[in-house]
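Letter by letter, the chains look like this.
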Amino acid sequence: MPIVVDIDVMLARRKMSVGELADRVGITPANLAVLKNGRAKAVRFSTLAALCEVLTCQPGDLLRWDGTGDAEDEVDTEGAVGAGGSVGAPGE
């Protein structure tokens, strides 16, 4: 996946364990591990905000885009609404 999660980097900088972070954020250690290991499909903004608050960082410190991912991980936009054209009001 082209989005890389760098929670482990911030944990090391803050000298904090996964269990402590999970407790302070209010999520289970298992769910934090899913996010930390890049297996999550989504993250709620409220969870991201709590992570940033506890780790005193910005969202960009935790998430970054890596465009060198595998081709099969990329989203197919052929059939997506608005792909290849403009999006406007109906009839435009």
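This text follows the structure it describes.
On a predicted model such as this, the values are computed, not experimentally measured, just so you know.

The rules we used
- Residues numbered from 1 in each chain as written.
- Predicted model: local features only at pLDDT ≥ 70, side-chain atom pairs only at ≥ 80, totals over all residues.
- Heavy atoms only, no water.
- Helix = DSSP H or I, 4+ residues; strand = E, 2+ residues; numbered from the N terminus.
- Buried < 20%, exposed > 50% of the residue type's maximum accessible area, 1.4 Å probe, protein only.
- Contact = heavy atoms within 4.5 Å.
- Areas by Shrake-Rupley, 256 points an atom, 1.4 Å probe, with all protein chains shown as cover.
- Core = buried A, V, L, I, M, F, W, Y, C linked by side-chain atoms within 4.5 Å.
- Salt bridge = Lys/Arg side-chain N within 4 Å of Asp/Glu carboxyl O.

Undergrad: Hey, could you run me through the overall build of the protein chain in this one?
TA: When its secondary structure is counted, the protein chain shows five helices and two strands. Each of the 92 residues in the protein chain was classed as buried or not, and the buried ones make up 22%. Considering only residue pairs separated by 6 or more positions, the protein chain has 60% of its internal contacts joining residues 24 or more positions apart. When the accessible area of the protein chain is evaluated, it comes to approximately 6,600 Å², of which 52% is carbon and sulfur surface.

Undergrad: Looking at this structure, I do not really get the side chain of D6. What am I missing?
TA: Following the sequence through the fold, D6 ends up in the loop between β1 (3-5) and α1 (7-14). In this view, D6 contacts D61, L62 and R64; residues no more than four positions away in its chain are not counted.

Undergrad: Would you explain the environment of D8 in this entry?
TA: Position of D8 relative to the elements: it lies in helix α1. Judged by its relative accessible area of 40%, D8 falls in the partly exposed class. In sequence terms D8 and V18 are ten residues apart; their C-alpha atoms lie 8.4 Å from each other.

Undergrad: Could you clarify how one ought to interpret the side chain of T47 in this entry?
TA: Inspection of the secondary structure assignment puts T47 in helix α4 (residues 45-55). Each residue touching T47, except ones within four places of it in the same chain, is listed here: V25 and I27.

Undergrad: It is not clear to me how the nonpolar core should be interpreted in this structure. Could you clarify?
TA: Buried together is how nonpolar side chains tend to be arranged in soluble globular proteins. Core analysis: the largest hydrophobic core is formed by 18 residues, its most contacted members being I7, L21, L51, L55 and L62. For this core, the secondary-structure elements that each account for two or more residues are α1, α2 (18-25), α3 (29-36) and α4. The contact partners of L55, leaving out residues within four places of it in the chain, are M10, L11, R14, M16, L21 and L62.

Undergrad: Would you take a moment to explain unusual backbone geometry for this structure?
TA: For residues that are not glycine, phi is negative in most cases, and the peptide bond is trans in most cases. Despite not being glycine, K15 shows a phi value in the positive range, around 50°. Mapping K15 onto the fold places it in the loop between α1 and α2. Overall, the relative accessible area of 75% leaves K15 in the exposed class. A positive phi angle is found at T56, which is not glycine, with a value near 45°. Looking at the element boundaries, T56 is found in the loop between α4 and α5 (59-62). Under the relative-accessibility criterion, T56 is labelled exposed at 59%.

Undergrad: How do you make sense of the pattern of salt bridges when you look at a structure like this?
TA: Once their charged atoms are close, side chains differing in charge can pair, the charge on each being opposite to the other. With the rule as written, the count across this model stands at two salt bridges. We note a salt bridge from R24 to E20, for which the minimum N-O separation is 3.5 Å. A residue pair is termed a helical-turn pair when its members lie 3 or 4 positions apart in one helix, as R24 and E20 do in helix α2 at four residues.

Scope: geometric values only; no functional claims are made or implied.
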